[in-house]
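# What the coordinates show
Listed here are the chains, written in short residue letters.
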Amino acid sequence: MRAAPPAAARPGSEPPPPFALAHGAGDAEIRLFLEDSVAGLPRRLAPGSVDVLVTSPPYNLGVEYAAYDDARPREEYLDWIGRLAASVRTVLAPAGSFFLNVGGPPRDPRLPWEISARVEGQLVLQNVIHWVKSIAIDRSAVGSSHRLARDLTVGHYKPIQSDRYLHGAHEYIFHYTHRGDVPLDRLAVGVPYQDTSNVARWRRASGGLRCRGNTWFLPYATIRRRRTDRPHPATFPPELPDRCFRLHGLSRIRLAADPFVGIGSSAVAAARLGLPFVGFDVAEEYLAEAARRLQALAAERPAGRPRAARRGPVTGPATP
Ligand SMILES: C[S@@+](CC[C@H](N)C(=O)[O-])C[C@H]1O[C@@H](n2cnc3c(N)ncnc32)[C@H](O)[C@@H]1O
């Protein structure tokens, strides 16, 4: 059984209520705050109270966000990342995980590592995961046992015009912990053994699964109309936070958070898994879309779940 969620706010100050309050599977509470997360994390959440944070910050690439200037001087931006990391360290549980998704443009491949260096000023880098967004697999490389009919190209990428750089088909998911020693539930995101001939002993021990490793192919869902289907310029698919949550270990998550929640991809993942969750963003229109997604998710849930049926799982944007 999952432990009770920890107290969320420090006594004393009276911060405003959440912008939106929703309930996920099992009535897990999902709170979305319209505020700066660097200040908001330690203000809203008790020290050491968050078991997993999964997020993707702005990368300082000049993306047109609704309420954030994504073109700041490099040092100023990196200092800000350092302050964010300090806030994360404050709220992160002793055996907690912080998953930080970052990418860099092909012309600036060191950017993710400069960001990581600032986070490493506060936390220990325990794993580096490569989020593969698109990949080409040659039939000849796969071997005959898989019966691939032809070469395969899957996923989406952003094409660039260049005779110097390759287009970017992957981003990083840096995994940080306080001391680099947090055990993970590797088989919760494991994959079946392909060659079962000489692994019988291991198969018995692991239920036929092996560690997935640190390359995760997670394509975006294909959409028709960007403005209505994914109204945000820089999202990750909900499958990304879902996998991070599972890898950390669902039974050990009393509270999850995303300091840059955008249109709520991580909130959706948490709601599906029944994880209590807190998200922050500075753009009201993104949080409104996140609340709408949570509402749609709640409507899909089978009827008859006791609390959800009584109260209505989503209350929509909270009244101030
Ligand atoms: C890369 S996007 C995250 C998108 C999100 N992962 C999703 O799938 O929707 C970064 C988000 O950070 C938000 N943001 C920028 N500065 C912020 C701050 N100080 N506190 C909270 N959110 C902020 C932006 O509005 C933007 O939505």
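Described below are features of the structure shown in this document. (Residues numbered from 1 in each chain as written. Predicted model: local features only at pLDDT ≥ 70, side-chain atom pairs only at ≥ 80, totals over all residues. Heavy atoms only, no water.)

A count of helical and extended segments in the protein gives 10 helices and 14 strands. Counting only contacts in the protein whose residues sit at least 6 apart along the sequence, the fraction spanning at least 24 positions is 72%. Just so you have it, the protein exposes about 16,600 Å², and 51% of that area is on carbon and sulfur atoms. (Helix = DSSP H or I, 4+ residues; strand = E, 2+ residues; numbered from the N terminus. Contact = heavy atoms within 4.5 Å. Areas by Shrake-Rupley, 256 points an atom, 1.4 Å probe, with all protein chains shown as cover.)

For the rest of this paragraph, the subject is the packing of helix H1 (residues 37-44) against helix H2 (residues 74-91). Between H1 and H2, the least distance of the axes is 9 Å, while the angle of their chain directions is 15°. Considering the angle they form, H1 stands roughly parallel to H2. The two elements H1 and H2 cross, and the hand of that crossing is left-handed. Where H1 abuts H2, its residues Ser37, Val38, Leu41 and Pro42 lie against Trp80, Arg83, Leu84, Ser87, Val88, Thr90 and Val91. (Axes fitted to C-alpha atoms, helices over the stretch in contact; angles between N-to-C directions. Parallel < 35°, antiparallel > 145°, perpendicular 65-115°, else oblique. Left-handed = near helix turned anticlockwise from the far one by under 90°.)

Among the nonpolar cores identified, the biggest contains 36 residues, and Ile30, Leu32 and Phe245 are the most heavily contacted of them. If one sorts the elements of this core by residue count, helix H8 (residues 265-273) sits on top with six residues. With residues near it in sequence (within four places) discarded, isoleucine 30 still touches Ala20, Leu21, Ala22, His23, Gly24, Ala267, Ala270, Ala271, Leu275, Phe277 and Leu294. (Core = buried A, V, L, I, M, F, W, Y, C linked by side-chain atoms within 4.5 Å. Buried < 20%, exposed > 50% of the residue type's maximum accessible area, 1.4 Å probe, protein only.)

Once that is clear, we can look at the environment of arginine 252. Along the chain, arginine 252 falls in the loop between helix H7 (239-248) and strand S12 (256-258). Along the chain, arginine 252 and alanine 95 lie 157 residues apart, while their C-alpha atoms are 9.1 Å from each other. Contacts of arginine 252, omitting those with residues within four sequence positions, involve Asp51, Ala95, Val182, Pro183 and Leu184.

As enumerated under the stated definition, the model contains 11 aromatic pairs in all. Judged by centre distance (5.3 Å) and plane angle (75°), the ring pair of tryptophan 113 and tyrosine 172 falls under edge-to-face. Here tyrosine 172 lies in strand S8 (residues 170-177) and tryptophan 113 lies in helix H3 (residues 111-119), a separation of 59 residues in the sequence. The class of tryptophan 113 is partly exposed, set by a relative accessible area of 28%. Among the aromatic side chains, those forming a connected cluster through ring pairs are Tyr65, Tyr68, Tyr77, Trp80 and Phe260. For lysine 133, the ring lying beneath its charged end belongs to tryptophan 131, and the centroid distance is 4.9 Å. (Phe/Tyr/Trp six-rings, centres within 6.5 Å; stacked < 30°, edge-to-face > 60°. Lys NZ or Arg CZ within 6 Å of the ring centre and 35° of its normal.)

This part takes up the site of the ligand. Taken together, 23 residues lie around the ligand, and Asp36, His232, Ile263, Ser265 and Asp281 are the ones closest in. At 3.0 Å from a nitrogen atom of the ligand is found a main-chain nitrogen or oxygen belonging to serine 37. One of the side-chain N or O atoms of serine 265 is found 2.7 Å from an oxygen atom in the ligand. Burial of the ligand by the protein chains amounts to 98% of its free accessible area of 610 Å². Tallied by class, the residues present in the shell around the ligand amount to 13 nonpolar, seven polar and three charged. (Near = heavy atom within 4 Å. Polar contact = N/O pair within 3.5 Å; in protein donor to acceptor, adjacent residues only side chain to side chain. Nonpolar A, V, L, I, M, F, W, Y, C, P; charged D, E, K, R; others polar.)

Before going further, it helps to spend a moment on the packing of H2 against H3. Look at H2 against H3: their axes get within 8 Å of each other, and the N-to-C directions meet at 45°. Relative to H3, the element H2 is oriented oblique. Where H2 crosses over H3, the handedness of that crossing is right-handed. Residues Arg74, Glu75, Tyr77, Leu78, Asp79, Ile81, Gly82 and Ala85 of H2 touch H3, and the partners they reach there are Leu111, Glu114, Ile115, Arg118 and Val119. Grouping the amino acids of the contact of H2 with H3 by side-chain chemistry returns seven nonpolar, one polar and five charged.

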